[in-house]
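Below are the chains, spelled out letter by letter.
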Amino acid sequence: MVLSGKRRLLYLLLGLLFVAVVTGNRHGAEVDDNEFAEFEDLGDGAESEDGAVEPEDTDEVFFDDDEFMTDGDKDPTVTLDDEFEEREQEDGTIEDEDEFEHFKDNEEFENFESDKPSSRKGAVPDLEIAKVPLNFSNNWNSYYLEIIMLTGLSAYILNYMTGKSKNQRLATAWFNRHKELLEANFSLVGDDGAAAETPSVKLLKESENLYCLWCSGRAFCEGMLVELKFLKRQDLVHVVAKMMKPGSDQLKITVTMNKEDMESIVLFLGKKKIVTRMQKDMYDLNLYCSEKRIGEKFGLSPSYQAVGETTEAIQGVLDSKVANCLSDNEDMLEYIHFSDQYCGQKPSPDEEQPTEMPTTKKVLIFVFNVPGGNGATAKDVEAMYPMMQLVLYCIDKVKRFKLSKDGKHRADRNRMKVSESFQKLAHAQRQEAAQVRKEEKRKAEKERLMNEEDPEKARKLEDKQYKKDMKKRLNPSMKQVKVRVS
(Lines give C-alpha, C1' and ligand atoms only; values in the text may rest on other atoms or scores of the structure.)
Protein backbone atom coordinates (compact mmCIF):
# COMPACT_ATOMS: atom_id res chain seq x y z
CA MET A 1 0.00 0.00 0.00
CA VAL A 2 2.83 2.29 0.81
CA LEU A 3 4.56 1.54 -2.41
CA SER A 4 1.46 2.12 -4.47
CA GLY A 5 0.95 5.47 -2.75
CA LYS A 6 4.49 6.55 -3.62
CA ARG A 7 3.98 5.55 -7.20
CA ARG A 8 0.84 7.60 -7.44
CA LEU A 9 2.64 10.63 -6.06
CA LEU A 10 5.50 10.12 -8.55
CA TYR A 11 3.09 9.84 -11.45
CA LEU A 12 1.32 13.01 -10.32
CA LEU A 13 4.58 14.99 -10.18
CA LEU A 14 5.64 13.74 -13.61
CA GLY A 15 2.27 14.71 -15.02
CA LEU A 16 2.53 18.24 -13.58
CA LEU A 17 6.07 18.57 -14.98
CA PHE A 18 4.91 17.47 -18.43
CA VAL A 19 2.03 19.96 -18.40
CA ALA A 20 4.42 22.78 -17.38
CA VAL A 21 6.85 21.89 -20.17
CA VAL A 22 4.11 21.70 -22.78
CA THR A 23 2.60 24.98 -21.64
CA GLY A 24 5.95 26.82 -21.61
CA ASN A 25 6.95 25.51 -25.04
CA ARG A 26 3.70 25.99 -26.82
CA HIS A 27 5.47 27.33 -29.93
CA GLY A 28 7.37 24.09 -30.35
CA ALA A 29 10.87 25.42 -29.63
CA GLU A 30 13.55 22.98 -28.66
CA VAL A 31 14.37 24.10 -25.20
CA ASP A 32 17.15 21.59 -24.68
CA ASP A 33 19.17 22.98 -27.62
CA ASN A 34 18.62 26.74 -26.83
CA GLU A 35 20.00 27.87 -23.46
CA PHE A 36 18.60 31.47 -23.86
CA ALA A 37 15.06 30.42 -24.62
CA GLU A 38 13.77 31.85 -21.36
CA PHE A 39 14.92 35.36 -22.41
CA GLU A 40 13.19 35.29 -25.76
CA ASP A 41 9.93 37.14 -26.29
CA LEU A 42 7.74 34.26 -27.35
CA GLY A 43 4.57 36.36 -27.56
CA ASP A 44 5.78 38.90 -30.16
CA GLY A 45 6.61 36.75 -33.17
CA ALA A 46 6.22 33.32 -34.76
CA GLU A 47 8.84 30.58 -34.41
CA SER A 48 10.85 29.61 -37.43
CA GLU A 49 11.33 26.06 -38.60
CA ASP A 50 14.80 25.67 -37.03
CA GLY A 51 13.55 26.81 -33.61
CA ALA A 52 14.44 30.54 -33.90
CA VAL A 53 11.82 33.11 -33.00
CA GLU A 54 10.74 35.35 -35.90
CA PRO A 55 9.89 39.03 -35.27
CA GLU A 56 6.35 40.23 -35.33
CA ASP A 57 4.68 41.46 -38.45
CA THR A 58 5.38 45.15 -39.26
CA ASP A 59 1.80 45.72 -40.38
CA GLU A 60 0.58 45.62 -36.83
CA VAL A 61 -0.45 49.17 -35.72
CA PHE A 62 0.06 50.67 -32.23
CA PHE A 63 -2.80 52.84 -31.04
CA ASP A 64 -2.66 52.77 -27.29
CA ASP A 65 -0.55 51.53 -24.42
CA ASP A 66 -3.00 48.68 -23.72
CA GLU A 67 -4.53 48.05 -27.19
CA PHE A 68 -3.09 46.35 -30.31
CA MET A 69 -4.60 45.85 -33.70
CA THR A 70 -3.50 43.13 -36.10
CA ASP A 71 -3.70 42.94 -39.82
CA GLY A 72 -6.83 40.91 -39.74
CA ASP A 73 -8.78 43.60 -37.89
CA LYS A 74 -7.88 46.43 -40.35
CA ASP A 75 -9.11 47.43 -43.71
CA PRO A 76 -6.33 46.33 -46.11
CA THR A 77 -6.93 49.43 -48.34
CA VAL A 78 -6.21 51.92 -45.50
CA THR A 79 -2.58 52.84 -44.92
CA LEU A 80 -0.89 54.03 -41.77
CA ASP A 81 -0.66 57.68 -42.93
CA ASP A 82 -4.37 57.76 -43.74
CA GLU A 83 -5.23 56.54 -40.29
CA PHE A 84 -3.15 59.27 -38.64
CA GLU A 85 -4.73 61.97 -40.87
CA GLU A 86 -8.21 60.74 -39.98
CA ARG A 87 -7.33 60.77 -36.31
CA GLU A 88 -5.99 64.36 -36.53
CA GLN A 89 -9.10 65.52 -38.41
CA GLU A 90 -11.32 63.94 -35.80
CA ASP A 91 -9.37 65.61 -32.98
CA GLY A 92 -9.51 69.03 -34.74
CA THR A 93 -13.20 68.72 -35.40
CA ILE A 94 -13.88 67.93 -31.82
CA GLU A 95 -11.88 70.97 -30.68
CA ASP A 96 -13.72 73.26 -33.13
CA GLU A 97 -17.07 71.99 -32.03
CA ASP A 98 -16.34 72.19 -28.33
CA GLU A 99 -14.47 75.56 -28.31
CA PHE A 100 -17.51 77.77 -27.52
CA GLU A 101 -19.70 75.03 -26.14
CA HIS A 102 -19.39 76.33 -22.56
CA PHE A 103 -20.84 79.69 -23.65
CA LYS A 104 -24.16 78.04 -24.61
CA ASP A 105 -25.29 77.81 -21.05
CA ASN A 106 -28.27 80.18 -21.03
CA GLU A 107 -28.21 80.48 -17.28
CA GLU A 108 -24.76 82.15 -17.33
CA PHE A 109 -24.65 83.78 -20.79
CA GLU A 110 -27.75 85.39 -22.23
CA ASN A 111 -28.26 85.79 -25.96
CA PHE A 112 -24.78 84.55 -26.75
CA GLU A 113 -25.74 83.11 -30.12
CA SER A 114 -27.65 86.24 -31.14
CA ASP A 115 -24.86 88.63 -30.06
CA LYS A 116 -22.12 86.64 -31.75
CA PRO A 117 -20.84 88.62 -34.77
CA SER A 118 -21.36 87.14 -38.18
CA SER A 119 -18.25 85.58 -39.74
CA ARG A 120 -19.48 85.88 -43.29
CA LYS A 121 -17.36 87.94 -45.63
CA GLY A 122 -18.91 91.21 -46.67
CA ALA A 123 -21.46 91.14 -43.87
CA VAL A 124 -22.44 94.65 -42.71
CA PRO A 125 -22.42 95.04 -38.90
CA ASP A 126 -25.75 95.95 -37.43
CA LEU A 127 -24.65 99.35 -35.91
CA GLU A 128 -26.75 102.43 -35.51
CA ILE A 129 -24.93 105.80 -35.32
CA ALA A 130 -26.72 108.30 -33.15
CA LYS A 131 -27.52 111.55 -34.90
CA VAL A 132 -26.21 114.29 -32.59
CA PRO A 133 -27.28 117.81 -33.61
CA LEU A 134 -24.52 120.41 -34.09
CA ASN A 135 -24.43 122.81 -31.18
CA PHE A 136 -23.41 126.30 -32.31
CA SER A 137 -24.19 128.12 -29.12
CA ASN A 138 -24.35 131.89 -29.15
CA ASN A 139 -23.67 132.06 -25.41
CA TRP A 140 -20.36 133.97 -24.89
CA ASN A 141 -20.18 132.81 -21.26
CA SER A 142 -18.50 129.64 -22.50
CA TYR A 143 -15.51 131.63 -23.77
CA TYR A 144 -14.90 134.04 -20.88
CA LEU A 145 -11.37 132.68 -20.23
CA GLU A 146 -10.31 133.13 -23.85
CA ILE A 147 -11.84 136.60 -23.93
CA ILE A 148 -9.92 137.64 -20.80
CA MET A 149 -6.64 136.35 -22.19
CA LEU A 150 -7.10 138.08 -25.54
CA THR A 151 -8.14 141.30 -23.86
CA GLY A 152 -5.11 141.28 -21.56
CA LEU A 153 -2.74 140.49 -24.42
CA SER A 154 -4.22 143.24 -26.55
CA ALA A 155 -3.98 145.73 -23.68
CA TYR A 156 -0.33 144.82 -23.05
CA ILE A 157 0.62 145.21 -26.72
CA LEU A 158 -1.28 148.48 -27.04
CA ASN A 159 0.31 149.85 -23.84
CA TYR A 160 3.77 148.81 -25.03
CA MET A 161 3.39 150.66 -28.32
CA THR A 162 1.93 153.82 -26.77
CA GLY A 163 4.41 153.91 -23.85
CA LYS A 164 7.38 153.34 -26.11
CA SER A 165 6.33 156.09 -28.51
CA LYS A 166 5.63 158.54 -25.66
CA ASN A 167 9.07 158.07 -24.09
CA GLN A 168 10.64 158.56 -27.48
CA ARG A 169 8.68 161.77 -28.04
CA LEU A 170 9.75 163.14 -24.66
CA ALA A 171 13.41 162.36 -25.32
CA THR A 172 13.26 163.97 -28.76
CA ALA A 173 11.55 167.06 -27.35
CA TRP A 174 14.24 167.48 -24.68
CA PHE A 175 17.07 167.06 -27.16
CA ASN A 176 15.60 169.52 -29.67
CA ARG A 177 15.17 172.11 -26.91
CA HIS A 178 18.74 171.79 -25.53
CA LYS A 179 20.65 171.00 -28.71
CA GLU A 180 21.77 174.58 -29.42
CA LEU A 181 22.84 175.16 -25.80
CA LEU A 182 24.92 171.98 -25.73
CA GLU A 183 26.56 172.62 -29.08
CA ALA A 184 27.47 176.14 -27.92
CA ASN A 185 29.30 174.83 -24.82
CA PHE A 186 30.73 171.52 -26.07
CA SER A 187 32.69 170.76 -29.22
CA LEU A 188 31.35 167.20 -29.42
CA VAL A 189 27.70 166.43 -28.67
CA GLY A 190 26.43 162.88 -28.95
CA ASP A 191 29.88 161.38 -29.57
CA ASP A 192 32.36 159.81 -27.16
CA GLY A 193 35.29 160.22 -29.55
CA ALA A 194 35.69 156.48 -30.22
CA ALA A 195 34.27 156.55 -33.76
CA ALA A 196 36.49 157.60 -36.67
CA GLU A 197 33.79 159.70 -38.26
CA THR A 198 31.49 162.04 -36.38
CA PRO A 199 27.97 160.62 -36.63
CA SER A 200 24.80 162.65 -36.75
CA VAL A 201 23.87 164.18 -33.42
CA LYS A 202 21.30 162.02 -31.71
CA LEU A 203 20.46 160.40 -28.40
CA LEU A 204 21.73 156.92 -27.63
CA LYS A 205 18.86 154.58 -26.77
CA GLU A 206 19.89 152.18 -24.02
CA SER A 207 16.37 150.80 -23.49
CA GLU A 208 12.77 151.79 -24.04
CA ASN A 209 12.92 154.09 -21.01
CA LEU A 210 16.61 155.14 -20.90
CA TYR A 211 18.33 157.54 -23.30
CA CYS A 212 21.91 158.80 -22.99
CA LEU A 213 23.92 161.66 -24.47
CA TRP A 214 27.68 162.19 -24.12
CA CYS A 215 29.20 165.66 -24.46
CA SER A 216 32.89 166.56 -24.38
CA GLY A 217 35.27 169.29 -25.46
CA ARG A 218 34.69 171.98 -22.81
CA ALA A 219 36.99 173.85 -20.49
CA PHE A 220 37.43 172.69 -16.85
CA CYS A 221 35.82 169.27 -17.41
CA GLU A 222 36.61 166.00 -19.15
CA GLY A 223 33.05 165.40 -20.28
CA MET A 224 29.38 165.34 -19.37
CA LEU A 225 26.99 162.40 -19.46
CA VAL A 226 23.25 163.12 -19.72
CA GLU A 227 20.82 160.31 -18.80
CA LEU A 228 17.08 160.61 -19.43
CA LYS A 229 15.42 158.08 -17.13
CA PHE A 230 11.75 157.88 -18.05
CA LEU A 231 9.07 155.82 -16.38
CA LYS A 232 8.57 152.35 -17.79
CA ARG A 233 5.49 153.32 -19.72
CA GLN A 234 5.95 150.33 -22.04
CA ASP A 235 5.44 147.94 -19.10
CA LEU A 236 1.78 147.51 -18.18
CA VAL A 237 2.57 146.14 -14.72
CA HIS A 238 4.77 149.15 -13.95
CA VAL A 239 2.06 151.51 -15.16
CA VAL A 240 -0.48 149.93 -12.81
CA ALA A 241 2.01 150.12 -9.91
CA LYS A 242 2.66 153.81 -10.55
CA MET A 243 -1.07 154.48 -10.39
CA MET A 244 -0.96 153.45 -6.73
CA LYS A 245 2.46 155.02 -6.05
CA PRO A 246 3.02 157.96 -8.41
CA GLY A 247 6.48 158.70 -9.76
CA SER A 248 8.16 161.02 -12.22
CA ASP A 249 10.72 160.98 -15.00
CA GLN A 250 14.25 162.01 -14.06
CA LEU A 251 17.17 163.78 -15.70
CA LYS A 252 20.61 162.82 -14.35
CA ILE A 253 23.68 164.81 -15.40
CA THR A 254 27.19 163.69 -14.39
CA VAL A 255 30.10 166.08 -15.03
CA THR A 256 33.64 164.73 -14.64
CA MET A 257 35.93 167.61 -13.65
CA ASN A 258 39.63 167.94 -14.34
CA LYS A 259 41.84 167.10 -11.36
CA GLU A 260 43.43 170.57 -11.24
CA ASP A 261 40.15 172.45 -11.68
CA MET A 262 38.35 171.46 -8.49
CA GLU A 263 39.13 172.15 -4.85
CA SER A 264 38.66 169.70 -1.97
CA ILE A 265 34.89 169.91 -1.86
CA VAL A 266 32.33 167.36 -0.67
CA LEU A 267 28.71 168.53 -0.32
CA PHE A 268 25.20 167.23 -0.88
CA LEU A 269 21.87 169.05 -1.20
CA GLY A 270 18.49 167.31 -1.26
CA LYS A 271 15.47 166.31 0.76
CA LYS A 272 16.12 165.08 4.29
CA LYS A 273 15.12 161.49 3.56
CA ILE A 274 17.42 161.34 0.56
CA VAL A 275 20.28 162.97 2.51
CA THR A 276 20.01 160.40 5.32
CA ARG A 277 19.93 157.48 2.89
CA MET A 278 22.83 158.74 0.76
CA GLN A 279 25.03 159.40 3.79
CA LYS A 280 24.69 155.74 4.72
CA ASP A 281 25.31 154.40 1.21
CA MET A 282 27.99 156.68 -0.27
CA TYR A 283 31.63 156.47 0.81
CA ASP A 284 32.53 160.14 0.49
CA LEU A 285 29.41 161.47 2.25
CA ASN A 286 29.84 158.99 5.08
CA LEU A 287 33.51 159.86 5.65
CA TYR A 288 33.70 163.61 5.09
CA CYS A 289 30.31 165.28 5.53
CA SER A 290 29.85 166.46 9.10
CA GLU A 291 28.41 169.98 8.63
CA LYS A 292 24.66 170.42 8.09
CA ARG A 293 22.59 173.38 6.87
CA ILE A 294 18.82 173.56 6.53
CA GLY A 295 17.28 174.41 3.18
CA GLU A 296 15.73 177.70 4.37
CA LYS A 297 19.12 179.40 4.13
CA PHE A 298 19.11 178.73 0.38
CA GLY A 299 15.52 179.83 -0.19
CA LEU A 300 14.21 176.26 -0.20
CA SER A 301 11.52 174.64 1.93
CA PRO A 302 12.46 173.16 5.34
CA SER A 303 12.20 169.65 3.85
CA TYR A 304 15.54 170.22 2.09
CA GLN A 305 18.92 169.92 3.78
CA ALA A 306 22.55 170.50 2.80
CA VAL A 307 25.50 168.58 4.25
CA GLY A 308 29.18 169.17 3.52
CA GLU A 309 32.74 168.84 4.70
CA THR A 310 33.03 172.50 5.66
CA THR A 311 30.61 175.40 6.02
CA GLU A 312 32.85 177.43 3.78
CA ALA A 313 32.38 174.99 0.88
CA ILE A 314 28.59 174.92 1.27
CA GLN A 315 28.22 178.70 1.30
CA GLY A 316 30.85 179.28 -1.37
CA VAL A 317 29.45 176.91 -3.99
CA LEU A 318 25.74 177.34 -3.29
CA ASP A 319 25.72 181.10 -3.75
CA SER A 320 22.72 183.39 -4.22
CA LYS A 321 22.41 182.74 -7.96
CA VAL A 322 22.26 178.97 -7.44
CA ALA A 323 19.85 179.41 -4.53
CA ASN A 324 17.50 181.60 -6.59
CA CYS A 325 17.44 179.11 -9.49
CA LEU A 326 16.68 176.23 -7.14
CA SER A 327 13.98 178.12 -5.26
CA ASP A 328 12.24 179.03 -8.54
CA ASN A 329 12.28 175.37 -9.68
CA GLU A 330 12.04 173.58 -6.36
CA ASP A 331 9.69 170.90 -7.75
CA MET A 332 12.39 169.85 -10.23
CA LEU A 333 15.24 169.39 -7.72
CA GLU A 334 15.95 165.85 -6.53
CA TYR A 335 19.53 166.30 -5.26
CA ILE A 336 22.94 167.84 -6.05
CA HIS A 337 26.17 166.03 -5.20
CA PHE A 338 29.63 167.66 -5.56
CA SER A 339 32.67 165.62 -4.52
CA ASP A 340 36.38 165.38 -5.21
CA GLN A 341 36.47 161.98 -3.42
CA TYR A 342 33.65 160.23 -5.25
CA CYS A 343 34.11 156.43 -5.31
CA GLY A 344 30.59 155.11 -5.48
CA GLN A 345 28.58 153.20 -2.90
CA LYS A 346 29.89 151.42 0.15
CA PRO A 347 30.01 147.61 0.06
CA SER A 348 27.36 145.85 2.09
CA PRO A 349 28.35 144.27 5.44
CA ASP A 350 28.11 140.81 3.85
CA GLU A 351 30.68 141.72 1.17
CA GLU A 352 34.42 141.83 1.64
CA GLN A 353 35.63 145.22 2.89
CA PRO A 354 38.37 146.93 0.84
CA THR A 355 41.85 147.12 2.35
CA GLU A 356 43.10 149.91 0.11
CA MET A 357 41.91 153.41 -0.55
CA PRO A 358 39.41 153.19 -3.43
CA THR A 359 40.06 155.10 -6.63
CA THR A 360 38.37 158.48 -6.53
CA LYS A 361 37.39 161.07 -9.12
CA LYS A 362 36.06 164.61 -9.08
CA VAL A 363 32.44 164.81 -10.21
CA LEU A 364 29.38 167.05 -10.15
CA ILE A 365 26.11 165.08 -10.13
CA PHE A 366 22.71 166.70 -10.73
CA VAL A 367 19.39 164.84 -10.56
CA PHE A 368 16.21 166.67 -11.56
CA ASN A 369 12.58 165.56 -11.71
CA VAL A 370 10.55 166.21 -14.85
CA PRO A 371 7.40 168.15 -13.87
CA GLY A 372 4.04 166.59 -14.63
CA GLY A 373 4.62 163.21 -12.99
CA ASN A 374 3.08 160.29 -14.87
CA GLY A 375 1.39 162.62 -17.32
CA ALA A 376 4.49 164.55 -18.38
CA THR A 377 4.29 166.19 -21.80
CA ALA A 378 6.80 167.65 -24.24
CA LYS A 379 6.26 171.12 -22.74
CA ASP A 380 7.21 169.82 -19.29
CA VAL A 381 10.46 168.42 -20.67
CA GLU A 382 11.25 171.65 -22.50
CA ALA A 383 10.66 173.59 -19.26
CA MET A 384 13.85 172.03 -17.80
CA TYR A 385 16.01 174.39 -19.84
CA PRO A 386 16.99 176.49 -16.75
CA MET A 387 18.34 173.36 -15.05
CA MET A 388 20.83 172.79 -17.88
CA GLN A 389 21.93 176.41 -17.58
CA LEU A 390 22.43 175.82 -13.85
CA VAL A 391 24.70 172.85 -14.59
CA LEU A 392 26.91 174.89 -16.89
CA TYR A 393 27.08 177.70 -14.33
CA CYS A 394 28.12 175.27 -11.55
CA ILE A 395 30.99 173.96 -13.69
CA ASP A 396 32.44 177.45 -13.93
CA LYS A 397 31.60 178.21 -10.28
CA VAL A 398 33.49 175.16 -8.95
CA LYS A 399 36.50 176.10 -11.09
CA ARG A 400 36.57 179.64 -9.65
CA PHE A 401 35.95 178.63 -6.04
CA LYS A 402 39.03 178.49 -3.79
CA LEU A 403 39.16 177.41 -0.18
CA SER A 404 40.79 179.53 2.48
CA LYS A 405 44.01 178.46 4.12
CA ASP A 406 42.20 177.04 7.17
CA GLY A 407 39.60 175.31 5.04
CA LYS A 408 42.30 173.77 2.86
CA HIS A 409 44.23 172.59 5.92
CA ARG A 410 41.09 171.03 7.42
CA ALA A 411 40.23 169.25 4.18
CA ASP A 412 43.76 167.87 3.86
CA ARG A 413 43.69 166.69 7.48
CA ASN A 414 40.40 164.87 6.89
CA ARG A 415 41.79 163.11 3.82
CA MET A 416 44.90 162.12 5.75
CA LYS A 417 42.78 160.58 8.50
CA VAL A 418 40.77 158.59 5.97
CA SER A 419 43.96 157.35 4.31
CA GLU A 420 45.39 156.33 7.69
CA SER A 421 42.18 154.49 8.60
CA PHE A 422 42.45 152.44 5.42
CA GLN A 423 46.12 151.73 6.18
CA LYS A 424 45.24 150.62 9.71
CA LEU A 425 42.50 148.41 8.35
CA ALA A 426 44.91 146.84 5.88
CA HIS A 427 47.52 146.35 8.65
CA ALA A 428 44.92 144.73 10.94
CA GLN A 429 43.91 142.34 8.20
CA ARG A 430 47.54 141.45 7.54
CA GLN A 431 48.09 140.81 11.27
CA GLU A 432 45.02 138.66 11.41
CA ALA A 433 46.25 136.62 8.45
CA ALA A 434 49.69 136.25 10.10
CA GLN A 435 48.08 135.12 13.36
CA VAL A 436 46.06 132.53 11.50
CA ARG A 437 49.20 131.20 9.83
CA LYS A 438 50.98 131.14 13.20
CA GLU A 439 48.18 129.16 14.80
CA GLU A 440 48.19 126.69 11.94
CA LYS A 441 51.96 126.24 12.31
CA ARG A 442 51.63 125.72 16.08
CA LYS A 443 48.85 123.20 15.52
CA ALA A 444 51.01 121.30 13.04
CA GLU A 445 53.88 121.14 15.57
CA LYS A 446 51.57 119.77 18.23
CA GLU A 447 50.29 117.11 15.88
CA ARG A 448 53.85 116.21 15.01
CA LEU A 449 54.68 115.90 18.72
CA MET A 450 51.64 113.71 19.37
CA ASN A 451 52.40 111.45 16.44
CA GLU A 452 56.03 110.92 17.44
CA GLU A 453 56.51 107.28 18.47
CA ASP A 454 60.02 107.61 19.92
CA PRO A 455 59.57 108.84 23.53
CA GLU A 456 63.10 110.28 23.74
CA LYS A 457 62.66 112.29 20.56
CA ALA A 458 59.22 113.43 21.67
CA ARG A 459 60.68 114.65 24.99
CA LYS A 460 63.37 116.65 23.18
CA LEU A 461 60.79 118.31 20.92
CA GLU A 462 58.64 119.19 23.92
CA ASP A 463 61.61 120.75 25.78
CA LYS A 464 62.54 122.76 22.69
CA GLN A 465 59.04 124.12 22.32
CA TYR A 466 58.87 124.95 26.02
CA LYS A 467 62.13 126.93 25.89
CA LYS A 468 60.91 128.87 22.86
CA ASP A 469 57.68 129.82 24.62
CA MET A 470 59.52 130.89 27.78
CA LYS A 471 61.80 133.20 25.78
CA LYS A 472 58.82 134.92 24.20
CA ARG A 473 57.16 135.42 27.60
CA LEU A 474 60.23 136.84 29.32
CA ASN A 475 61.41 139.12 26.50
CA PRO A 476 58.47 139.69 24.12
CA SER A 477 59.95 142.83 22.49
CA MET A 478 63.64 141.93 22.51
CA LYS A 479 65.39 140.22 19.67
CA GLN A 480 68.58 138.21 20.00
CA VAL A 481 71.47 139.78 18.05
CA LYS A 482 74.77 138.04 17.64
CA VAL A 483 77.81 140.39 17.75
CA ARG A 484 81.08 139.21 16.34
CA VAL A 485 84.14 140.67 18.09
CA SER A 486 87.34 140.66 16.12
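Rules used throughout
- Residues numbered from 1 in each chain as written.
- Predicted model: local features only at pLDDT ≥ 70, side-chain atom pairs only at ≥ 80, totals over all residues.
- Heavy atoms only, no water.
- Helix = DSSP H or I, 4+ residues; strand = E, 2+ residues; numbered from the N terminus.
- Buried < 20%, exposed > 50% of the residue type's maximum accessible area, 1.4 Å probe, protein only.
- Contact = heavy atoms within 4.5 Å.
- Areas by Shrake-Rupley, 256 points an atom, 1.4 Å probe, with all protein chains shown as cover.
- Axes fitted to C-alpha atoms, helices over the stretch in contact; angles between N-to-C directions.
- Parallel < 35°, antiparallel > 145°, perpendicular 65-115°, else oblique.
- Left-handed = near helix turned anticlockwise from the far one by under 90°.
- Nonpolar A, V, L, I, M, F, W, Y, C, P; charged D, E, K, R; others polar.
- Expected span 1.5 Å × (residues − 1).
- Patch = residues over 30% accessible without salt bridge, like charges linked within 9 Å, V, L, I, M, F, W, Y side chains within 5 Å.
- Salt bridge = Lys/Arg side-chain N within 4 Å of Asp/Glu carboxyl O.
- Lys, Arg positive; Asp, Glu negative; His and termini not counted.
- Charge placed at Lys NZ, Arg CZ, Asp CG, Glu CD.
- Phe/Tyr/Trp six-rings, centres within 6.5 Å; stacked < 30°, edge-to-face > 60°.

(A) A look at the overall build of the protein chain. Helix and strand counts for the protein chain stand at 13 helices and 12 strands. Looking at the protein chain residue by residue over its 486 residues, the buried ones come to 29%. By sequence separation, contacts in the protein chain at least 24 residues apart represent 65% of the contacts at least 6 residues apart. A total accessible area of about 35,200 Å² is found for the protein chain, and carbon and sulfur atoms account for 53% of it.

(B) Structural detail: the packing of helix α4 (residues 144-185) against helix α11 (residues 385-400). At a minimum axis separation of 10 Å, α4 and α11 run at an interaxial angle of 20 degrees. One way to sum up the angle between α4 and α11 is to call them roughly parallel. Crossing hand, α4 versus α11: right-handed. The residues of α11 that touch α4, namely those facing Trp174, Arg177, His178, Leu181, Leu182 and Asn185, are Tyr385, Met388, Gln389 and Leu392. Residue classes in the contact of α4 with α11 are distributed as six nonpolar, three polar and one charged.

(C) Representation of helix α12 (residues 405-451) in the model. Look at α12: 69 Å from first C-alpha to last across 47 residues, which is about the 69 Å you get at 1.5 Å a residue. When α12 is considered as a whole, its buried residues turn out to be Gly407, Ala411, Asn414, Arg415, Val418, Phe422 and Ala426. If you follow the buried residues of α12, they end up packed against β8 (266-271), α7 (283-288), α8 (311-317) and β11 (333-342).

(D) Main features of a positive patch on the surface. Together, Lys441, Arg448, Lys457, Lys464 and Lys468 give the surface a local cluster of positive charge. If one sorts the elements of the positive patch by residue count, helix α13 (residues 455-474) sits on top with three residues. Assignment of secondary structure puts lysine 441 in helix α12.

(E) Local environment of the pattern of salt bridges. All told, the structure shown has 10 salt bridges when counted by the stated rule. For aspartate 261, the salt bridge goes to lysine 399, with nearest N and O atoms at 2.8 Å. With a gap of 138 residues between them, aspartate 261 in the loop between β7 (250-257) and β8 and lysine 399 in helix α11 connect regions that are remote in the sequence. The salt bridge involving lysine 397 is made with aspartate 319; its shortest N-O contact spans 3.4 Å. Note that lysine 397 is positioned in helix α11 and aspartate 319 in the loop between α8 and α9 (320-328), a separation of 78 residues in sequence. For the pair lysine 397 and aspartate 319, one class covers both residues: buried. Through salt bridges that share partners, Glu263, Lys402 and Lys408 make up one connected network.

(F) The arrangement of the packing of aromatic side chains in detail. Under the criterion given, the structure shown has five aromatic pairs. For the ring pair tyrosine 211 and phenylalanine 230, a centre distance of 6.1 Å and an interplane angle of 75 degrees mean the geometry is edge-to-face. Of this pair, tyrosine 211 sits in strand β5 (residues 210-216) while phenylalanine 230 sits in the loop between β6 (221-229) and α5 (236-244), placing them 19 residues apart in sequence. Assigned by exposure class, tyrosine 211 and phenylalanine 230 land together as buried. Aromatic side chains tyrosine 283 and phenylalanine 422 sit 6.2 Å apart centroid to centroid with 55 degrees between the ring planes, which places their arrangement in the tilted category. Linking tyrosine 283 in helix α7 with phenylalanine 422 in helix α12, this pair joins segments that are 139 residues apart in sequence. Both residues of the pair, tyrosine 283 and phenylalanine 422, count as buried.

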